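# Per-entry structural report
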Amino acid sequence: MLKIKIENLFKVYNSRSGRISALEDINLDIQQKEFITLVGPSGCGKSTLLKIIGALIRPSRGTLLYDGKPLLQPTRDVGIVFQEPVLLPWRSALDNVLLPAEILGLDIEESRPRAMDLLKLVGLKGFEASYPRELSGGMQQRVALSRALIHNPSVLLMDEPFAALDAMTREELGFELLRIWHAHKKTVVFVTHNIMEAILLADRVVAMSPRPGRIAKILKIDLPRPRTLNMEFTPEFKVYSDEIRSVIYHSGTVVA
Ligand code: ADP
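Bringing the packing of helix α4 (residues 137-149) against helix α5 (residues 167-184) into the picture now. Between α4 and α5, the shortest axis-to-axis distance is 11 Å and the interhelical angle comes to 20°. Taken together, the axis directions place α4 and α5 in an arrangement best described as roughly parallel. For the pair α4 and α5, the sense of crossing is right-handed. Between α4 and α5, the contacting residues are G138, Q141, R142, L145 and L149 on the first element and T169, E172, L173, E176, L177 and I180 on the second. Classifying every residue of the contact of α4 with α5 by side-chain character gives five nonpolar, three polar and three charged.

Next comes the structure, spelled out in structure tokens:
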């Protein structure tokens, strides 16, 4: 079933150095419970597109539909995780997870057991009372993930959520995210500039090219689930990564 529809979408920023065309003619249908990754070099408009999908910013032109209806402002149906966990340092892990519940006016006594369950789900049982400074970067990002899920949104938007973490933590969290996604079946849109990560997580990879940001290619990833790290060494995986590299290199940009 179609969850999100993006049609003929454009975004122009008016900056001091002039007009920047960040996105041009974006068309994308995202199915319910689909895992989509947006991949491309820095500056190709991935964050802009994700913010538009979250209705945090408005497109210059085009439409964004959720369940067939235009979405013009942020909705409770969405949870967002950014690159930095942005936790409040004076609140415990549990109280950080509960913050959106307080802001949304949800019943805190009902939300508390849910927050405890979510912290357990992300492997932080026993750390509920810890403060952010007592947690590693990976643990803080796990708290941020629990916080994004506290109001049980059906859509999870993630903007390079593991980019600041070391490679091993990043891989570990990627697989945990897949486990959570599988168990709770959210629609996920995940931004990354890492091609391997984009393939390993996704049902479909949306490869973007820069200046202006356009969708260069949409690739369906037919690797079986659950995914494993070994899949990176299979011929199928190489075909996907070569294809994504070719569309990104073709646009004249080198990706690290
Ligand atoms: P990515 O996430 O792929 O790195 P962004 O969406 O952050 O790309 O940026 C796309 C383009 O839009 C870049 O050229 C960037 O400089 C520009 N841009 C992003 N945000 C703004 C803004 N608030 N004002 C002006 N230009 C912006």
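Don't stop here, the text continues.
Turning to a nonpolar patch on the surface, a few remarks are in order. A cluster of nonpolar side chains, L56, F82 and V86, forms an exposed patch at the surface whose accessible area comes to about 270 Å². On the secondary structure map, V86 appears in the loop between β6 (78-81) and α2 (93-103).

Let us look at the nonpolar core. Among the nonpolar cores identified, the biggest contains 34 residues, and F35, V143, L145, L156, M158, L177 and F190 are the most heavily contacted of them. Ranked by residue count, the leading element in this core is α4, at six residues. If sequence neighbours within four positions are ignored, L156 has contacts with G79, V81, L145, A148, L149, L177, T187, V188 and V189. With 25 residues, the next largest nonpolar core counts L9, L50, I52 and V191 among its residues.

The subject of this paragraph is the pattern of salt bridges. Per the stated rule, a full pass over the model turns up 15 salt bridges. E24 serves as the salt-bridge partner of R214, at 2.7 Å between the closest nitrogen and oxygen. With R214 in strand β10 (residues 214-220) and E24 in strand β2 (residues 18-31), the pair connects residues that are 190 residues apart, well separated along the chain. Note that E176 and R142 form a salt bridge whose closest N and O atoms lie 2.8 Å from each other. With E176 in helix α5 and R142 in helix α4, the pair connects residues that are 34 residues apart, well separated along the chain. Neither E176 nor R142 differs from the other in exposure class; each is buried. Taken together, the salt bridges that share partners define one network made up of R142, E172, E176 and R179.

Conventions and cut-offs
- Residues numbered from 1 in each chain as written.
- Predicted model: local features only at pLDDT ≥ 70, side-chain atom pairs only at ≥ 80, totals over all residues.
- Heavy atoms only, no water.
- Axes fitted to C-alpha atoms, helices over the stretch in contact; angles between N-to-C directions.
- Helix = DSSP H or I, 4+ residues; strand = E, 2+ residues; numbered from the N terminus.
- Parallel < 35°, antiparallel > 145°, perpendicular 65-115°, else oblique.
- Left-handed = near helix turned anticlockwise from the far one by under 90°.
- Contact = heavy atoms within 4.5 Å.
- Nonpolar A, V, L, I, M, F, W, Y, C, P; charged D, E, K, R; others polar.
- Patch = residues over 30% accessible without salt bridge, like charges linked within 9 Å, V, L, I, M, F, W, Y side chains within 5 Å.
- Areas by Shrake-Rupley, 256 points an atom, 1.4 Å probe, with all protein chains shown as cover.
- Salt bridge = Lys/Arg side-chain N within 4 Å of Asp/Glu carboxyl O.
- Core = buried A, V, L, I, M, F, W, Y, C linked by side-chain atoms within 4.5 Å.
- Buried < 20%, exposed > 50% of the residue type's maximum accessible area, 1.4 Å probe, protein only.

All we've got here are geometric facts, nothing functional implied.
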